[in-house]
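Structural features, examined
So the chains spell out like this:
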Amino acid sequence: MALKALDLFCRAGGASMGLKQAGFDVIGVDRIYSKNYPFQKIVGDAFEVLTWLDLGMFDFIWASPPCQQFSKATPSARRAMHDDLIEPTRAALEASGKSYCMENVECAPLRPDVVLTGDMFGLNTYRKRIFEVNFPVLAPAPGPRFGPETRPGSVTVAGGGGGSAGTFSAWCDAMGIHWMNRREIVQAVPPAYARFIADWAKNAIDDRAEMLLAHGQAEKMAGQARILPSE
Ligand SMILES: C[S@@+](CC[C@H](N)C(=O)[O-])C[C@H]1O[C@@H](n2cnc3c(N)ncnc32)[C@H](O)[C@@H]1O
């Protein structure tokens, strides 16, 4: 049976797609409906959904809370207008007892356990993102440095698109995302990032299952053990 992942703040499913590629069945949660989201989705406030959703059915939880408050793309005068959902999201993830990953932009107040950039996956966009996880992840080796000489035609997937920022089709190719509109893709995690982290999550889930099995066997053996009379 396939492992199950919950993708909180899933939007149109950049991270969800990476989880699917890693072999998870995915259910997303977002307060905005998107006809482009490719998997099953619960539309509603994530914190309200977490009050009734049975987390026992999931093996892994991914969360991409909104980043506008911390993003360089948001004018500084407007940053305080956006909610900071990172602390409550972290509290919910920790309380779940599940393997989890929280993702955000580099200035966000996350523990940067993993830092990923597009060169590590051969993507034509730099798109630095940081990840807080509760399982071991060994980061991939960096690729060639980004710059006009080494990566001609590389794009920053942000803002309105077009012109010097590259065409929409160049954005889609660079991100590995061909099912979203412009407003969705600028918020997305490249699926390659989520797939990479989800593969490590699977190792952690397997290790934990083996540990529980061994623990169960040890308990059973302890129950069967008898104290032998001394000679
Ligand atoms: C950065 S986007 C997520 C992008 C997504 N991970 C991807 O890879 O495509 C953040 C999302 O959080 C959603 N959001 C913000 N506050 C929310 C809340 N309280 N409950 C549910 N979704 C929320 C927004 O609608 C937005 O779609």
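Everything below is about the structure printed above this text.
For clarity, every value in this text was computed on a predicted model and none was experimentally measured.

So, the site of the ligand
In the region of the ligand, 19 residues are neighbours, and Phe-9, Arg-11, Gly-14, Ser-64 and Ala-188 sit closest. The residue inventory of the shell around the ligand, partitioned by class, reads 11 nonpolar, 4 polar and 4 charged.

Examining the nonpolar core
Generally speaking, soluble globular proteins have nonpolar side chains that are buried together. In this structure, Leu-8, Leu-19, Ile-61, Trp-62 and Ile-197 are the most contacted members of the largest nonpolar core, which totals 51 residues. Among the elements that take part in this core, helix H7 (residues 191-224) stands out by supplying 7 residues, more than any other. If we skip the residues at most four places from it in the chain, Trp-62 touches Ala-5, Asp-7, Leu-8, Ala-15, Leu-19, Cys-101 and Ala-194.

A short note on unusual backbone geometry
Leaving glycine out, the prevailing phi sign among residues is negative, and the prevailing peptide bond configuration is trans. Within the chain, Phe-9 stands out as a residue other than glycine whose phi angle is a positive 65°. Judged by the 22 C-beta atoms lying within 10 Å of it, Phe-9 is buried. Backbone geometry places Arg-127, a non-glycine residue, at a positive phi of 40°. Among the secondary structure elements, Arg-127 is positioned in the loop between strand E6 (114-116) and strand E7 (129-133).

Thoughts on the sheet that holds E6
Within the open sheet, the 7 strands sit side by side as E3-E2-E1-E4-E5-E7-E6. Their pairing is mixed. Both edges of this open sheet fall to strand E3 (40-43) and E6, since each of them pairs with a single strand only. Across the sheet, the axes of successive neighbouring strands diverge by a mean angle of 20°, strand direction being ignored. Where strand E1 (residues 3-8) and strand E4 (residues 60-63) come together, 4 bridges link them in parallel fashion. Considered in E4, the bridge of Leu-8 is made with Ala-63. Contacts between helix H4 (residues 86-96) and the sheet are confined to E4 and strand E5 (99-104), with E5 contributing the most and set at about 165° to the helix.

Analysis parameters
- Residues numbered from 1 in each chain as written.
- Predicted model: local features only at pLDDT ≥ 70, side-chain atom pairs only at ≥ 80, totals over all residues.
- Near = placed C-beta within 6 Å.
- Nonpolar A, V, L, I, M, F, W, Y, C, P; charged D, E, K, R; others polar.
- Core = buried A, V, L, I, M, F, W, Y, C linked by C-beta atoms within 7 Å.
- Buried ≥ 20, exposed ≤ 12 C-beta atoms within 10 Å, placed from the backbone.
- Helix = DSSP H or I, 4+ residues; strand = E, 2+ residues; numbered from the N terminus.
- Contact = placed C-beta atoms within 7 Å.
- Pairing = 2+ DSSP bridges.
- Axes fitted to C-alpha atoms, helices over the stretch in contact; angles between N-to-C directions.

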